[in-house]
Amino acid sequence: MTFRLLFIGDVMGAAGCAAVRTHVPDLRRELNLDAVVVNGENSAPSGRGITHESGSELLSVADFLTLGNHTFDAVGGREYVGREPRVARPANLEAGLPGQGSGMFEANGMCVGVLNVQGRVFMKQDVRSPFEAADEAVADLEAAGADLILVDVHAEATSEKQALGYHLAGRVQAVVGTHTHVPTADTRILSGGTAYVTDVGMTGSRESVIGFDKEDFLGLFLGKGISRLGVSKGPADLNAVVIEVDDGNHQAVRIERIYRSLAV
Ligand code: FE2
């Protein structure tokens, strides 16, 4: 028997939230899913951060949420992340910030540990080593009784994400990359039974530049004095991976891309 876990990549604004809310109930049935984890760091209407409303909408169909570099950017985000136990923000942020770097939930008799770390290469924030933070959090989750562990590596550099995959191979069941919003074609099982992908891809408006209005983004690159990027509206794509874990030896045996589109 296998445990089947769906991980959905960065949800962008209202279009992304709608795609998750619409597709997840069907995907749970179709794919016989045991659990669903979603990266919600761009789910706020602004595309930056999470709000009580966007987090609650995602958790109405998902089991657990991960975040990233925009964790505290939306109004009310700090309070929400600080009080919602089904959310993990990067474990390698400076000490004392609200929220937790990892958490656990139960699904079909399995304790699923979820850990979020943020990369340091080509990223603005000065965070501590994601490698060290992951080591500590994995040990904590194991001590707390996690049967399987999923790590969301929220990072810009493909090299840093691949390195973290190898660093954690054989110690966790899945290492999934987020943040760059464009899916990569490298789903595979690393030695020791760890499912890996460099970037799951985003869940948000298709006709966009990484989920933001394409005209705004183009204007920015063309030097047209654009000062803000709006979240793109319109038909949304959902990008995810389904990971199968052998519930006997607790090794991942399969990772496969899932794609759905939604006309809104
Ligand atoms: Fe991000």
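Scroll up for the structure.
In short, a report on the structure. If you're wondering where the values come from, they're calculated on a predicted model, not measured in any experiment. Residue positions are counted from 1 within each chain, in the order its sequence is given. This being a predicted model, a pLDDT of at least 70 is required before a residue's local features are given, and a value of 80 or more before pairs of side-chain atoms are given or counted; all residues contribute to the totals for chains, interfaces and linings. With hydrogens and water excluded, all non-hydrogen atoms of the structure serve as input to the side-chain values.

## Here we look at a nonpolar patch on the surface
What counts is decided by this rule: Residues form patches when they are more than 30% accessible in relative terms and have no salt bridge. Like charges link within 9 Å. Nonpolar side chains (Val, Leu, Ile, Met, Phe, Trp, Tyr) link within 5 Å. Areas reported as accessible are Shrake-Rupley estimates using a 1.4 Å probe. Residue values count occlusion only from the protein chains shown. Whenever a carboxyl oxygen of Asp or Glu lies within 4 Å of a side-chain nitrogen of Lys or Arg, that contact is scored as a salt bridge. Helix numbers and strand numbers start at the N terminus; a helix is a DSSP run of H or I with at least 4 residues, a strand a run of E with at least 2.
A contiguous nonpolar patch, built from Val182, Val209 and Ile210 and spanning about 210 Å² of accessible area, is present on the exposed surface. By secondary structure assignment, the location of valine 209 is in strand β12 (residues 208-209).

## A closer look at helix α5 (residues 158-168)
As a reminder of what qualifies: A 1.4 Å probe rolled over the protein chains alone gives each residue an accessible area, and that area as a share of the maximum for its type sets the label: buried under 20%, exposed over 50%, partly exposed in between. The directions from the helix axis to the C-beta atoms are what the arc is built from. Should any heavy atoms of two residues lie within 4.5 Å, those residues are considered in contact.
Looking at α5, one finds that the buried residues are Glu160, Lys161, Leu164, Gly165 and Leu168. Seen from one end, α5 has its buried residues packed into an arc of 145°, which puts them on one side. In this fold, the buried residues of α5 make contact with β6 (110-118), α4 (130-143), β7 (148-154), β8 (174-178), β9 (188-190) and β10 (194-197). Two residues or fewer after α5 comes glycine 170, characterised by a positive phi angle close to 85°.

## A few points about the sheet that holds β7
What counts, and what does not: Any two strands between which DSSP finds at least two bridges are classified as paired. Only the stretch in contact is used when a helix axis is fitted, and all axes are lines through C-alpha atoms; the angle between N-to-C directions ranges over 0 to 180 degrees.
Taking strand neighbours across the sheet as the criterion, the six strands line up as β5-β6-β7-β8-β10-β9 in an open arrangement whose pairing is mixed. In this open sheet, the two strands that pair with only one neighbour each are β5 (102-107) and β9. The average undirected angle you get between the axes of adjacent strands in this sheet is 25°. Against the sheet, α4 contacts β5, β6 and β7, and its axis sits at roughly 165° relative to β6.

## Some details on the layout of surface pockets
The cut-off we apply is this: Throughout, the protein atoms alone are placed on a 1 Å grid, and a set of points is a cavity if a 1.4 Å probe fits but cannot get out or a pocket if it is open with protein on both sides within 12 Å along at least five of seven lines; lining residues have an atom within 4 Å of a point. Grid points are joined across faces, edges and corners, and a volume is the space filled by probe spheres set on the points. For this classification, Asp, Glu, Lys and Arg are treated as charged, while Ala, Val, Leu, Ile, Met, Phe, Trp, Tyr, Cys and Pro are nonpolar and the rest, including Gly, are polar.
What the largest pocket holds in volume is close to 410 Å³. Every residue lining the largest pocket is counted, 18 residues in all, and those nearest its centre are Asn69, His70, Lys124, Glu156 and His179. Residues of the lining of the largest pocket, tallied by class, amount to six nonpolar, seven polar and five charged. Estimated volume of the second largest pocket: approximately 160 Å³. If you go around the second largest pocket, the residues you meet are Gly68, Asn69, Thr71, Phe72, Asp73, Leu93, Glu94, Leu97, Gln118, Gln125, Asp126 and Val127.

## Examining the coordination of the iron ion
Filter applied, for reference: Any N, O or S atom lying within 2.8 Å of the metal counts as a donor, and for Na, K and Ca the limit rises to 3.2 Å; water is left out, so some sites can look incomplete. Labels for metal geometry use angle windows, namely 85 to 135 degrees for all angles of a four-donor tetrahedral site, and for square planar (four donors) or octahedral (six donors) sites opposite donors over 155 degrees apart plus all others within 65 to 115; sites meeting none of these are irregular.
Binding of the iron ion to the protein goes through Glu41 (OE), Asn69 (OD1), His154 (NE2) and His179 (ND1), at separations of 2.0 to 2.3 Å. One can describe the site at the iron ion as irregular: its four donor atoms subtend angles covering 83 to 170° at the metal. When the donors of the iron ion are listed by position in the chain, the intervening gaps give E-x27-N-x84-H-x24-H. You can see glutamate 41 sitting in the loop between β2 (35-39) and α2 (52-59) and its partner asparagine 69 sitting in the loop between β3 (64-66) and α3 (77-83), a full 28 residues away along the chain.

## What about the side chain of serine 54?
Our working definition: Identification of polar contacts relies on pairs of N or O atoms within 3.5 Å, with a donor-acceptor requirement for protein atoms, meaning one able to donate a hydrogen and the other able to accept it, and with residues adjacent in sequence counted only if both atoms are side-chain atoms.
Tracing the backbone through its elements, the reader meets serine 54 in helix α2. The class of serine 54 is buried, set by a relative accessible area of 4%. A polar contact of 2.8 Å, which involves the side chain of serine 54, links it to the side chain of serine 43. The contacts of serine 54, once residues within four sequence positions are left out, are Cys17, Ser43 and Ala44.

## Describing the pattern of salt bridges
Should their charged atoms come close, side chains of opposite charge can pair. All chains considered together, the criterion is met by 13 salt bridges. A salt bridge links glutamate 57 to arginine 21; its shortest N-O distance comes to 2.0 Å. Of the two residues, glutamate 57 is situated in helix α2 and arginine 21 in helix α1 (residues 13-30); the sequence distance between them amounts to 36 residues. By relative accessible area, glutamate 57 is classed as partly exposed at 22%. Here arginine 21 falls in the partly exposed class, since its relative accessible area comes to 40%.

Worth remembering: the numbers are spatial, not functional.
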